[in-house]
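One-letter residues, chain by chain:
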Amino acid sequence: MRGSRVLLTLLAVVLAGAAIASLGIGRVGIPFGRVVQVLASPWFPPAVPVTPMEWSIVVVVRLPRVAMAVLAGAGLALSGAVLQGVFRNPLVGPQVVGVSAGAAFGGTLSIVLGWPWLALMGAAFVGGLSALVLVSALALAVARSDVLVLVLAGVVVSGFFSALVSLLQFMSDSQDTLPVIVFWLLGSLATANGQKVLMLAVPVLGCGTILLALRWQVNLLSMGDEDARTLGVSVARLRWLLLILTAAIVASQVAVSGMIGWVGLVVPHIARLLVGPDHRRLLPVSALTGGLFLLVVDDVARSLTSAEIPLGILTALIGTPVFSALLVRSRLAR
């Protein structure tokens, strides 16, 4: 546990340093020390006064984006780690069990109907939770304890909601609505602002705090339903509580930044290599690692080329080979 505290402290320090450094990355580069001066200028005015342009770039434009990247990455990684514990399957993630596809359908429907952002988040939550219900019901109807059936049920439900999203795209206005849907589905933090940060922070911090408080019960649930019941856990109630909390986090992320895949699947595996399968350590390490991972990916997305690369594309390009390497490594370890 002492080693885990050291690792958590180290990850938190690295994440804070990376966040400050990210505020200086972009078409207009700002040195790390100057970024610190800009952030501290309201309380400790520097010798060289902060210009309005520096303040606008660092605080108004980049700070909301950095905050969204950290919150989205932490929320997705935490949700993925919880889902893997709930379903006792390391191949489970928000995308695999259909949560992301269901949330994408809800968000796309709200865009087509012209609903405001708050309604979009609600629609994404309902869609993500509906996907989880369908996956659970289908898996229970076929084979109660077969994890392969669970993954296949997730594939089926994801395909169903993806088809609905495609249908909405086909029916939407090609000049006005369709470009908005396509850009949103690719995943991006380019439209970050204070309102979206707040919309993301409330579910991620609120639900994430509850998930971290329940992490020892996730340990019991990952042992199996019978063992958990023997130890006094209300399995059905706890499972649905965890599913609702993870659905709220994923839905809020999808609502403000679109589809960003692979984070909830890959990052928990990396965290498991660092601290093992104990969810008391795994969940907080996954959250910090996920925030750091998506922050770095977003830095690459907005600085690699003149045209910003959508996050969903980069996370897939990075996540697939990393996950493949982890699978090969686990296979060789056996």
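A few points on the structure. (Residues numbered from 1 in each chain as written. Predicted model: local features only at pLDDT ≥ 70, side-chain atom pairs only at ≥ 80, totals over all residues. Heavy atoms only, no water.)

**Details of the packing of helix H5 (residues 117–142) against helix H11 (residues 235–257)**
Our working definition: Axes here mean lines fitted to C-alpha atoms, for a helix over just the part in contact, with angles spanning 0 to 180 degrees between N-to-C directions. Counting from the N terminus, the helices are the DSSP runs of H or I reaching at least four residues and the strands are the DSSP runs of E reaching at least two. What sets the label is the angle itself: under 35 degrees gives roughly parallel, over 145 gives roughly antiparallel, 65 to 115 gives roughly perpendicular, and the rest give oblique. Rotating anticlockwise by less than a right angle from the far helix to the near helix defines a left-handed crossing, while the corresponding clockwise rotation defines a right-handed one. Contacts: residue pairs with any heavy atoms within 4.5 Å of one another. Any residue that is not Ala, Val, Leu, Ile, Met, Phe, Trp, Tyr, Cys, Pro, Asp, Glu, Lys or Arg is counted as polar, Gly included; the first ten are nonpolar and the last four charged.
For the pair H5 and H11, interaxial distance at closest approach is 8 Å and the crossing angle is 135 degrees. In terms of orientation, H5 lies oblique with respect to H11. H11 is crossed by H5, and the crossing has right-handed handedness. Touching Trp117, Leu120, Met121, Ala124, Phe125, Gly128, Leu129, Leu132, Val133 and Ser136 of H5 are Trp240, Leu243, Ile244, Thr246, Ala247, Ala248, Ala251, Ser252, Ala255 and Val256, all from H11. Per-class residue counts for the contact of H5 with H11 are 16 nonpolar, four polar and no charged.

**Quick notes on the side chain of Arg302**
Formally: Under the rule applied, a polar contact is a pair of N or O atoms within 3.5 Å (in protein, one hydrogen donor and one hydrogen acceptor; residues adjacent in sequence only if both atoms are side-chain atoms).
Mapped onto the elements, Arg302 comes out in helix H13 (residues 279–303). At a separation of 2.8 Å, a polar atom in the side chain of Arg302 contacts the main-chain carbonyl oxygen of Ser22. In contact with Arg302, other than residues within four places in its own chain, are Ser22, Ile25, Gly26, Arg62, Arg65, Val66 and Glu308.

**Some points on the nonpolar core**
Rules: We call a set of buried Ala, Val, Leu, Ile, Met, Phe, Trp, Tyr and Cys residues a nonpolar core when their side-chain atoms join them within 4.5 Å. Any residue under 20% of the maximum accessible area for its type is buried, any over 50% is exposed, and the rest in between are partly exposed; the area is computed with a 1.4 Å probe on protein chains only.
Counting 93 residues, the largest nonpolar core has Phe87, Leu242 and Leu295 as the members making the most contacts within it. Per-element accounting of this core gives the leading share, 16 residues, to helix H3 (residues 52–86). Judged by nonpolar contacts, the second largest core, of six residues, contains Leu7, Ala271, Val275 and Val285.

**A closer look at the packing of helix H4 (residues 99–113) against H11**
Where H4 meets H11, the closest approach of the two axes is 9 Å, and the angle between their N-to-C directions is 50 degrees. Put simply, H4 runs oblique to H11. Here the hand of the crossing between H4 and H11 comes out right-handed. Contacts between H4 and H11 pair Val99, Ser100, Ala103 and Ala104 from the former with Ala247, Val250, Ala251 and Val254 from the latter. A per-class count over the contact of H4 with H11 returns seven nonpolar, one polar and no charged.

**Details of the side chain of Ser172**
Examined against the element boundaries, Ser172 turns out to sit in the loop between helix H6 (147–171) and helix H7 (177–186). Of note is the side chain of Ser172, whose polar atom sits 2.8 Å from the backbone oxygen of Gln169. Residues contacting Ser172, with those up to four places away along its chain left out, are Val112, Thr177, Leu178 and Ile181.

**Some words on H13**
Spacing of three or four residues puts side chains on the same side of an α-helix, whose turn is 3.6 residues. Our working rule: By definition here, a helix of n residues has an expected span of 1.5 Å times n minus one.
Along its 25 residues, H13 runs 35 Å from first to last C-alpha, staying within 8% of the 36 Å computed at 1.5 Å per residue. The element H13 is extensively covered by neighbouring structure, given that 20 of its 25 residues are classed as buried.

**Quick notes on helix H12 (residues 263–275)**
When the terminal C-alpha atoms of H12 are compared, their 18 Å separation across 13 residues agrees well with the 18 Å that a helix rising 1.5 Å per residue should span. Among all positions of H12, only Val263, Gly264, Leu265, Val266, Val267, Pro268, His269, Ala271 and Val275 are buried. Backbone geometry just after H12 places Gly276 at a positive phi near 90 degrees.

**So, the environment of Ala190**
Here Ala190 shows up in the loop between H7 and helix H8 (194–213). Classification of Ala190 as partly exposed rests on a relative accessible area of 42%. Those residues within four positions of Ala190 in sequence are excluded, and the remaining contacts are Arg65, Phe183 and Glu308.

Everything listed is a geometric property; what it means functionally is a separate question.
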